[in-house]
There are 2 protein chains.
Amino acid sequence: MKNTLISEFLPLNTVSINDRFWSPFMERIRTKVIPYQWEALNDRIPGAEPSYCMRNFKLAAELTHPELNYGVPKDTGHAGFVFQDSDVAKWIEAASYSLVWHPDPKLEQTVDGAVDIICNAQQDDGYLDTFYIINGMNKRFTNLKDNHELYCFGHFLEAAVAYYEATGKRKLLDALIRYTECIDNHIGPEDGKLHGYPGHEIAEMALARLYHITKDEKHIKLATYFINERGKSPLYFEEETKRNGNDFYWKDSYMQYQYYQAGKPVREQFAAEGHAVRGVYLYSGMADVARLTGDRTLLEVCEVLFANIATKQMYITGAIGQSAYGEAFSYDYNLPNDTIYGETCAAIGLAFFARRMLEFAPRNIYADVLEKTLYNGIISGISLDGTAYFYVNPLEVFPEAAAKDNRMRHVKIERQKWFGCACCPPNIARIISSLGTYIHSLNTDSLYTHLYMGNEAQFTIGGKELFLKTETLYPWEGRVDSTFTAPSGAAFFTYGLRIPGWCQGYTLELNGEKITPEVQNGYAVIKREWKSRDRITIIFDMPVVFVETSPHVRETRGKAAVMRGPLVYCLEEADNGKELCRLHLGTPKGYSVLHEQDVLEGVTVISFVGKREKDWTNNALYRIMETSVLEDKPLRFIPYYAWANRGPGEMTLWVNK
Amino acid sequence: MKNTLISEFLPLNTVSINDRFWSPFMERIRTKVIPYQWEALNDRIPGAEPSYCMRNFKLAAELTHPELNYGVPKDTGHAGFVFQDSDVAKWIEAASYSLVWHPDPKLEQTVDGAVDIICNAQQDDGYLDTFYIINGMNKRFTNLKDNHELYCFGHFLEAAVAYYEATGKRKLLDALIRYTECIDNHIGPEDGKLHGYPGHEIAEMALARLYHITKDEKHIKLATYFINERGKSPLYFEEETKRNGNDFYWKDSYMQYQYYQAGKPVREQFAAEGHAVRGVYLYSGMADVARLTGDRTLLEVCEVLFANIATKQMYITGAIGQSAYGEAFSYDYNLPNDTIYGETCAAIGLAFFARRMLEFAPRNIYADVLEKTLYNGIISGISLDGTAYFYVNPLEVFPEAAAKDNRMRHVKIERQKWFGCACCPPNIARIISSLGTYIHSLNTDSLYTHLYMGNEAQFTIGGKELFLKTETLYPWEGRVDSTFTAPSGAAFFTYGLRIPGWCQGYTLELNGEKITPEVQNGYAVIKREWKSRDRITIIFDMPVVFVETSPHVRETRGKAAVMRGPLVYCLEEADNGKELCRLHLGTPKGYSVLHEQDVLEGVTVISFVGKREKDWTNNALYRIMETSVLEDKPLRFIPYYAWANRGPGEMTLWVNK
């Protein structure tokens, strides 16, 4: 596929973040989340549900190497979910990223120890999944649909690559290369192999990452096979279910095999369907394979699927997965705010997908979604102290409903310590600790900046090594200052700066002089010879705006959201009292936009005088329509991501116009 | 309790209905529903789920009297729900009512045959429940909480009284008096008896009805015991569950024993909670017992519960039970329109409750609810051809949601033939076929008219026999003409005519002259000597009105309903196209109100030029708020009760203002 725009994100070890907004998040991940999660993986958190994750690995290692003794009784059995292995994989990945930007010998030693235990559990043929090592290897590969073997495999691939890139240590990488060979020996197009693919996708993008290191064609071939075989008739999952007498939970559901995105070949899937996390993980893998193999038809499907999500199924926070039933996409323009699933992992997966689409082309439709998820629907999943988590990220909560309304039984009104199914917390840790590799992308003659935060990046273009240092108070303020350093001399290339979709006006200065470069696909592109001390200042207008939803959407009719820059705001009971449903934005005369450092770890608060519906003169439930009587009411909005950090209470993002 | 207002509804055999609106419903019940249901009860409807109801009775009769042979194999076992017996009870009740206003020897013979089979199943000690007769009598009375023995008992009491009143035949009544004795021998305050009460209420009001015939104090005492014992500590259901190792399905629910309205004594229940049908059946029984025993504290609780429902938990159609979870009430001001349960039986039960409150006092708060349920949320449960039924009565449907949205898995977009759990169809039959006894109530010196329909009523007041003939096209037209006949001479009494709560203006004429009598609690009261040919004409203004919901309600914000008279209207896709969510009422310049005899068996259609939101210029999902562009759009409203009679499609009752 000829595409001169194809670029790659600058790797993590070439970008150093020093940002008022993100550095505290990263530090919380490093100092609180990663240590806490290691304790959790080892069942040492009082009051939290045990993970059993490391215990399973120790037991599997003891079974594999009887000379080992980790002290786990042999008859304990596998505990926790069938995908429990993936938790430590995600933790190793997150910890490895943090080692890149904050070397920490003690943490590295802990990771080394975990890797030793994990590798001790590996079988002679490379197999490495504790559920089957403990429960009986004769059963392995008999339920690819539901038993998450290839999901855990994928997460371990990601961990192995991250650990190798962070430390140079090959132990886990080599183990995973052997595990990949093992899987390759059992699954594939050849006669005698299973013509299967993962029930929960991730291995596709993970294999692409492995290929990036190994350049071994077998690795990208396996990823491609997983994608191309998916949904083909006769359906592997159907055959497997019959052959092995497996359950099929979605038999009576309208989703059927589309729960797994496996009801039809991927090139015939034009709307995001089924389990949302699986969906965006698959689409991310498809984008990787399309880019690495030059498969244009696959790229086109990715474009269609991305557009379907971004223009028909995505919440304004970047949350996806409208339905608790199946934790799934539902249908176009169905965006309920209170019964939403909106899993943190799904928003993270959407960021993965957006990042991969950006590697095809710098288009702000992708970067806008990437930014939207990061600043809203992902970090809403973690408390500001870094110790509690949301799976589900509602846009409207009403405590009495959370207690009494079964449609919202999945919605928590306060973040929880840890979950038995602990996918989200380590997933947040791995994306935030690898944030450096989401900022700039590079191809042979261009550098693009997709996200704005304080950072220093190092890159080589046209044979020259350059540095780009960015200083900004974004997203609280719209000014971004960037300065190049070119120690080996000036370099001629195109620098593209993203103009965010939310931005209605901006000024751009090059070395103090206003310029108006061409804007291509939402990127202001400046083609010139860049030399040391070249300085770009871009100032995005950041007014308070009210945003409304397409007329196709039923749930937000008559309502608008308050936004400023990339941040979506919300009203909380703590600031605005009860019955948020009675508040109206009205037509405010002015806005107070004030950064309050002592509020919610420092947020810019938006206040203005809106309206509130007055009580009726009687307590009737219905009456003949009258002109509504609205009284002035000061409204105070906080960024959505920071909600639910001050105890339980009502919250709403959409407010009556 | 001194209450000179206490009245009783005129019995069914003294009121003859001849009404353009209701007579066709009654005829459909008589000619289609009752025969169809008899076939259904005997498993003779091709394509419908079998009922097994009569088969269970035949089997129980064969087991009781081995000389009988109905041809049911002995080893068949009980089939269908544990409460399957109640279906034939409801059918006998409905059929008996229809025999009152339309004698039919063939139907009476069929009922007699059913009664014979049922009575043949009765045990020597009076017990009569096929589930335990077939499955083992040693288990009876071991799960009052869930096994519906006392529920079936209650329905049979109602059937027995109705059958006796219709035919004078005592066979079933005597059987039920014996069954009542059997229950009295096992349940009650005495040592050695179970201190229990029904898990699904109805026996309370049924015993009150039995008492009305027998005047046997034991009968009202048992009803009173059921009510007073309910929810007392130690909790009978809890003890029973432990003692017999029963399941407790609601253990982890916030409802706990309040699912059964048994979590606390009834006099401490101030909001309607739990299973909605059970709730209103209990409250109806409480009202009966309060009236018959003069228990003022019980009456006060009934008043509080009625107000809670009518002013905080009732849909504008009279539907109740907001939540599919537990088919239950939820909490104040929670009125979702698409995920509603709104069971037909619950609206029927609310009509029972309202009717009983009216017997305490003619207050239009009660009569308004009675009328609202009858004209909207009850008859929406049956198709216009009388052959298909809704359990669930949504106020908004969107076919794609019904297919894909699990929150609405209970919602059907087309009425169904018959249900495995067939409570609603025969319940509709019994209320519509007994409609005559919901119109007028009488006490020693007053007659009150609560509902307006064409009918002729006979009553005795002050020793004089009178007739009151009413002619009207209500609810299509607001004029009601009533004429007295007093063959035994004039009588002095108060006549109260209900002024409906929806009515904003009316004129009243007595013998052609306008009068303005006093209005007490919503009733225009005329105290005089009434003689033959005295003629009252009341003309209610019946404009098209828009009705809105209290600011406490989240779901209908910014919307209004179209009403005319007691009827709530709705928009259907068949008339208005797709995406009803985009339509607005606007500020119409005028309304067309046209009775169309060939539409939906004859309905008054309301049409006017409203508005429709135009498409956005791009296909974005979100945009910075602009002034909405609305275009003119003719809107056509049909009465809500008649929806879903023209194939599947969108429907909404609440429309954007």
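Quantities reported herein were computed from a predicted structural model and do not represent experimental measurements.

Criteria and cut-off values
Residues numbered from 1 in each chain as written. Chains lettered and ligands numbered in written order. Predicted model: local features only at pLDDT ≥ 70, side-chain atom pairs only at ≥ 80, totals over all residues. Heavy atoms only, no water. Helix = DSSP H or I, 4+ residues; strand = E, 2+ residues; numbered from the N terminus. Rg over C-alpha atoms; globule rule 2.2 N^0.38 Å. Buried < 20%, exposed > 50% of the residue type's maximum accessible area, 1.4 Å probe, protein only. Contact = heavy atoms within 4.5 Å. Areas by Shrake-Rupley, 256 points an atom, 1.4 Å probe, with all protein chains shown as cover. Lys, Arg positive; Asp, Glu negative; His and termini not counted. Charge placed at Lys NZ, Arg CZ, Asp CG, Glu CD. Buried area = accessible area lost by both parts, 1.4 Å probe. Salt bridge = Lys/Arg side-chain N within 4 Å of Asp/Glu carboxyl O. Polar contact = N/O pair within 3.5 Å; in protein donor to acceptor, adjacent residues only side chain to side chain. Nonpolar A, V, L, I, M, F, W, Y, C, P; charged D, E, K, R; others polar. Pairing = 2+ DSSP bridges. Core = buried A, V, L, I, M, F, W, Y, C linked by side-chain atoms within 4.5 Å. Domains from an automatic or database assignment. 1 Å grid on protein atoms, 1.4 Å probe; cavity = no way out; pocket = protein on both sides within 12 Å on 5 of 7 lines; lining within 4 Å. Points joined across faces, edges and corners; volume = space filled by probe spheres on them. Phe/Tyr/Trp six-rings, centres within 6.5 Å; stacked < 30°, edge-to-face > 60°. Lys NZ or Arg CZ within 6 Å of the ring centre and 35° of its normal. pLDDT = per-residue confidence, 0-100. Least-squares fit on C-alpha atoms with pLDDT ≥ 70 in both. Axes fitted to C-alpha atoms, helices over the stretch in contact; angles between N-to-C directions. Parallel < 35°, antiparallel > 145°, perpendicular 65-115°, else oblique. Left-handed = near helix turned anticlockwise from the far one by under 90°.

Enquirer: Teacher, can you tell me more about the overall build of chain A here?
Expert: A count of helical and extended segments in chain A gives 17 helices and 24 strands. At 25 Å, chain A has a C-alpha radius of gyration in line with the 26 Å of a compact globule built from 657 residues. Taken along the three principal axes of its C-alpha coordinates, chain A extends 75 × 70 × 50 Å. The buried share of chain A, reckoned over its 657 residues, is 64%. Counting contacts in chain A only where the partners sit at least 6 residues apart, residues at least 24 apart contribute 71% of the total. Just so you have it, chain A exposes about 23000 Å², and 49% of that area is on carbon and sulfur atoms. Of the charged side chains in chain A, 70 are positive and 83 negative, and the gap between their average positions amounts to 3 Å.

Enquirer: Is there a simple way to explain the interface of chain A and chain B in this structure?
Expert: Size of an interface: often given as the accessible area lost when the parts come together. With 57 residues of chain A in contact, the opposing surface of chain B contributes 57 residues. Of the roughly 5000 Å² buried between chain A and chain B on both sides combined, carbon and sulfur atoms contribute 60%. Taken together, the links from chain A to chain B amount to four salt bridges. Between E613(A) and R557(B) there is a salt bridge, with the nearest N and O atoms lying 2.4 Å from each other. Linking chain A to chain B there are 20 residue pairs in polar contact (both at pLDDT 80 or more). At the level of secondary structure, the elements contributing two or more residues to the side of chain A that touches chain B comprise helix 12 (296-313), helix 15 (399-404), strand 15 (544-549), strand 21 (622-624) and strand 24 (654-656) of chain A. Element by element, the count of residues in the side of chain A that touches chain B is highest for strand 15 of chain A, at five residues. Taken together, the residues of the side of chain A that touches chain B break down into 27 nonpolar, 13 polar and 17 charged. When strand 21 of chain A meets strand 15 (residues 544-549) of chain B, the two strands line up antiparallel, connected through three bridges. Of the residues in strand 15 of chain B, the one forming a bridge with R623(A) is E548(B).

Enquirer: Explain the side chain of S7(A) to me, please; I cannot follow it from the model alone.
Expert: Residue and element names in this part refer to chain A. Position of S7 among the secondary structure elements: in the segment before strand 1 (8-9). Engagement of the side chain of S7 in a polar contact is seen with the side chain of S441, the distance being 3.0 Å. Excluding anything up to four places from it in sequence, S7 contacts L358, E359, S441, L442 and N443.

Enquirer: What am I meant to see in the nonpolar core here?
Expert: Soluble globular proteins tend to pack their nonpolar side chains together in the buried interior. Core analysis: the largest hydrophobic core is formed by 238 residues, its most contacted members being V88(B) and W91(B). Tallying contributions element by element places helix 13 (residues 344-360) of chain B first for this core, with 12 residues. Excluding residues that lie within four positions of it along the chain, W91(B) makes contacts with I34(B), Q37(B), W38(B), L41(B), L107(B), T110(B), V111(B), A114(B) and P426(B). Residues F57(A), L299(A), L466(A) and L571(A) belong to the second largest nonpolar core, which totals 237 residues.

Enquirer: Could you clarify how one ought to interpret the domain arrangement of chain A in this entry?
Expert: All names here are of chain A. Annotation of chain A at the domain level lists domain 1 (52-246), domain 2 (259-410), domain 3 (440-540) and domain 4 (544-656). In this structure, domain 3 and domain 4 have C-alpha centres spaced 36 Å apart. Facing four residues of domain 3, the contacting portion of domain 4 comprises 11 residues. Contact with domain 4 buries area across many residues of domain 3, yet P475, W476 and W502 alone supply 92% of it, more than any other trio. If you look at where domain 3 meets domain 4, you find zero salt bridges. Of the residues belonging to the side of domain 3 that touches domain 4, the class tally is four nonpolar, no polar and no charged.

Enquirer: Sorry, what's going on with the side chain of D19(B) here?
Expert: Residues and elements named next belong to chain B. Here D19 is to be found in the loop between strand 2 (15-17) and helix 1 (22-41). Here D19 sits buried without a salt bridge, and the closest side chain of opposite charge, R20, lies 8.6 Å off (N-O distance). At 3.1 Å, the side chain of D19 and the backbone nitrogen of F21 are in polar contact. Of the polar contacts made by the side chain of D19, one reaches the backbone nitrogen of G454; its length is 2.8 Å. Once residues lying within four places of it in the same chain are set aside, the contact partners of D19 are P24, M453, G454, T472 and Y474.

Enquirer: Hey, could you run me through the pairing of strand 6 (residues 455-461) of chain B in this one?
Expert: Two faces make up the sheet, and in a regular strand the side chains alternate between them. Residues and elements named next belong to chain B. Residues N455, A457, F459 and I461 of strand 6 are buried on one face, while the alternating residues E456, Q458 and T460, pointing to the opposite face, are not. Summarising the sheet, strand 2 and strand 6 pair through three bridges and their orientation is antiparallel. Residue pairing across strands places I17 opposite N455, the latter belonging to strand 6. Taking the residues between adjacent antiparallel strands as the criterion, strand 6 and strand 7 (residues 464-472) are bridged by two residues, where G462 takes a positive phi near 55°.

Enquirer: I would appreciate a short explanation of empty space enclosed by the protein in the present structure.
Expert: Where empty space is left in the structure can be found by rolling a water-sized probe over the atoms. Residues and elements named next belong to chain B. For the structure on display, the rule yields nine cavities of 30 Å³ or more. Lining the largest cavity are 15 residues, and of these D338, V397, F398, A401 and M408 sit closest to its centre. The set of elements that each furnish at least two residues to the lining of the largest cavity consists of strand 3 (396-397) and helix 15 (399-404). Grouping the amino acids of the lining of the largest cavity by side-chain chemistry returns eight nonpolar, one polar and six charged.

Enquirer: Any chance you could explain the packing of aromatic side chains here in plain terms?
Expert: Under the criterion given, the structure shown has 100 aromatic pairs over all chains. Judged by centre distance (5.9 Å) and plane angle (85°), the ring pair of F459(A) and F493(A) falls under edge-to-face. One end of the pair, F459(A), is in strand 6 (residues 455-461); the other, F493(A), is in strand 9 (residues 491-498), and 34 residues separate them in sequence. Accessibility assignment for this pair places F459(A) and F493(A) in one class, buried. Here the aromatic cluster, defined as three or more aromatic residues joined through ring pairs, consists of F21(B), W22(B), F25(B), Y375(B), Y452(B), Y474(B), W476(B), W502(B), Y506(B), F540(B) and Y641(B). Between R140(A) and the ring centre of Y127(A), over which it is positioned, the NZ or CZ distance is 4.7 Å.

Enquirer: Just checking my understanding: could you explain the sheet that holds strand 5 (residues 446-449) of chain A for this structure?
Expert: The strands making up a sheet associate through hydrogen bonds between their backbones, and the pairing can be parallel or antiparallel. All names here are of chain A. Ordered by their spatial adjacency, six strands build an open sheet running 1-4-5-9-13-12, and the pairing between neighbours is mixed. Two strands close off the open sheet at either side, each with one partner strand: strand 1 and strand 12 (519-520). Across two bridges, the pairing between strand 1 and strand 4 (residues 440-443) is antiparallel. In the strand pairing of strand 4, F9 is matched with S441.

Enquirer: Could you clarify how one ought to interpret the confidence of the model for chain A in this entry?
Expert: Detail in the predicted coordinates should be disregarded across regions flagged by low pLDDT. Overall, the prediction assigns chain A a mean pLDDT of 96, with 99% of residues at 70 or greater. Across the whole predicted complex the pTM is 0.94, and at the interface the ipTM reaches 0.95.

Enquirer: Just to check I follow, could you spell out the relation of the copies chain A and chain B for this structure?
Expert: Both copies of the chain are related by one operation, a rotation about an axis with a shift along it. Taken as rigid bodies, chain A and chain B are interconverted by a rotation of 180° and an axial shift of 0.1 Å, the fit giving an RMSD of 0.0 Å. Both chain copies can therefore be described as sitting about a two-fold axis. The residues that chain A uses at the interface reappear at the interface of chain B in 100% of cases, marking a shared surface.

Enquirer: How should the packing of helix 8 (residues 203-214) of chain A against helix 9 (residues 217-229) of chain A be read in this particular structure?
Expert: In helix packing, the relevant descriptors are the interaxial angle and the interaxial distance, both defined with respect to the helix axes. Residue and element names in this part refer to chain A. Here helix 8 crosses helix 9 at 165°, and the two axes come no closer than 8 Å. Taken together, the axis directions place helix 8 and helix 9 in an arrangement best described as roughly antiparallel. In terms of crossing hand, the pair formed by helix 8 and helix 9 is left-handed. From helix 8, A203, E204, L207, A208, L210, Y211 and T214 reach across to helix 9, where they touch E217, H219, I220, L222, A223, F226 and I227.

Enquirer: Even after reading the chapter, I still don't get unusual backbone geometry, so can you show me in this structure?
Expert: Leaving glycine out, the prevailing phi sign among residues is negative, and the prevailing peptide bond configuration is trans. Here the residue pair Y474(A) and P475(A) is connected by a cis peptide bond, since its omega of 5° sits within 30 degrees of zero. Inspection of the secondary structure assignment puts P475(A) in the loop between strand 7 (464-472) and strand 8 (479-485). One non-glycine residue, N511(B), lies in positive phi territory at about 50°. Position of N511(B) relative to the elements: it lies in the loop between strand 10 (506-510) and strand 11 (513-515). Looking at N511(B), the relative accessible area reads 37%, which means it is partly exposed. The backbone phi angle of L600(B) is positive, close to 50°, even though this residue is not glycine. Position of L600(B) among the secondary structure elements: in the loop between strand 19 (592-596) and strand 20 (603-613).

Enquirer: Sorry, what's going on with the environment of E343(A) here?
Expert: All names here are of chain A. Along the chain, the position of E343 falls in the loop between helix 12 and helix 13 (344-360). Relative accessible area serves as the criterion here: at 4%, E343 is assigned to the buried category. The spacing of E343 and C423 is 80 residues in sequence and 9.9 Å in space, taken between C-alpha atoms. Not counting the four nearest positions on each side in its chain, E343 is found in contact with V277, I320, E327, Y391, N393, C423 and C424.

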